[in-house]
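Examination of the molecular architecture
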Amino acid sequence: MTAVFLMSMLFGLACGQAMSFCIPTEYTMHIERRECAYCLTINTTICAGYCMTRDINGKLFLPKNALSQDVCTYRDFIYRTVEIPGCPLHVAPYFSYPVALSCKCGKCNTDYSDCIHEAIKTNYCTKPQKSYLVGFSV
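Residues numbered from 1 in each chain as written. Predicted model: local features only at pLDDT ≥ 70, side-chain atom pairs only at ≥ 80, totals over all residues. Heavy atoms only, no water.

Examining the environment of Ala48
- Along the chain, Ala48 falls in strand E2 (residues 39–50).
- The spatial distance from the C-alpha of Ala48 to the C-alpha of Cys72 is 5.8 Å, given a sequence separation of 24 residues.
- Apart from the residues lying within four places of it in its own chain, the contact partners of Ala48 are Phe21, Cys22, Ile23, Thr25 and Cys72. (Helix = DSSP H or I, 4+ residues; strand = E, 2+ residues; numbered from the N terminus. Contact = heavy atoms within 4.5 Å.)

Here we look at the nonpolar core
- Residues Met29, Ile31, Cys36, Leu40, Ile42, Val82, Ile84, Cys87, Val91, Tyr97 and Val99 constitute the largest nonpolar core, which totals 11 residues.
- Looking at this core, the elements with two or more residues in it are strand E1 (21–32), E2 and strand E4 (94–106).
- Within the second largest apolar cluster, seven residues are counted, among which are Cys47, Cys72, Ala100 and Cys103. (Core = buried A, V, L, I, M, F, W, Y, C linked by side-chain atoms within 4.5 Å. Buried < 20%, exposed > 50% of the residue type's maximum accessible area, 1.4 Å probe, protein only.)

Focus: the packing of aromatic side chains
- Evaluated as defined, the whole model comprises three aromatic pairs.
- Aromatic pair Phe95 and Tyr97: ring centres 6.5 Å apart, planes at 15 degrees, arrangement stacked.
- Here the aromatic residues Tyr74, Phe77 and Tyr79 are joined through ring pairs into a cluster of three or more. (Phe/Tyr/Trp six-rings, centres within 6.5 Å; stacked < 30°, edge-to-face > 60°.)

Some remarks on the environment of Glu26
- Locating Glu26 in the fold gives a position in strand E1.
- In this structure Glu26 comes out as exposed when scored by relative accessible area, which is 73%.
- If we skip the residues at most four places from it in the chain, Glu26 touches Thr44 and Thr45.

Right, dumping it as structure tokens:
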């Protein structure tokens with residue numbers, strides 16, 4: 001191998017380890033309520049990616065708050081609200097969801113993020129689908 005190729009490979013590996021790849025990513029979610037006749041499919045953005053973490057060897061001697069690792073989470077986001085079609089009059093047909101504008105590596109905030117290790121895989125419809133046409137920001 002040439003020296004230039006070898007140096008570029010080493011530089012790429014070093015940058016890849018030093019940088020985090022935490023970015024807004026397209027995501028499709030399915031929303032339904034038991035009382036409503038239809039399921040709604042929504043395209044949004046969520047924060048996803050890789051954040052650099054290091055595991056500390058002295059875990060037994062540190063407080064729990066020092067052991068939490070960085071996760072890919074929201075920096076800036078807005079909420080959008082949609083109306084689920086086919087709901088009876090006594091049921092509120094509105095559903096609000098976050099849209100990621102920018103992301104960061106940081107501590108997981110349970111006020112607005114799901115901080116579990118592996119999400120439950122229930123992202124599907126059990127009712128007839130309606131496409132999302134109109135939504136508004138709250």
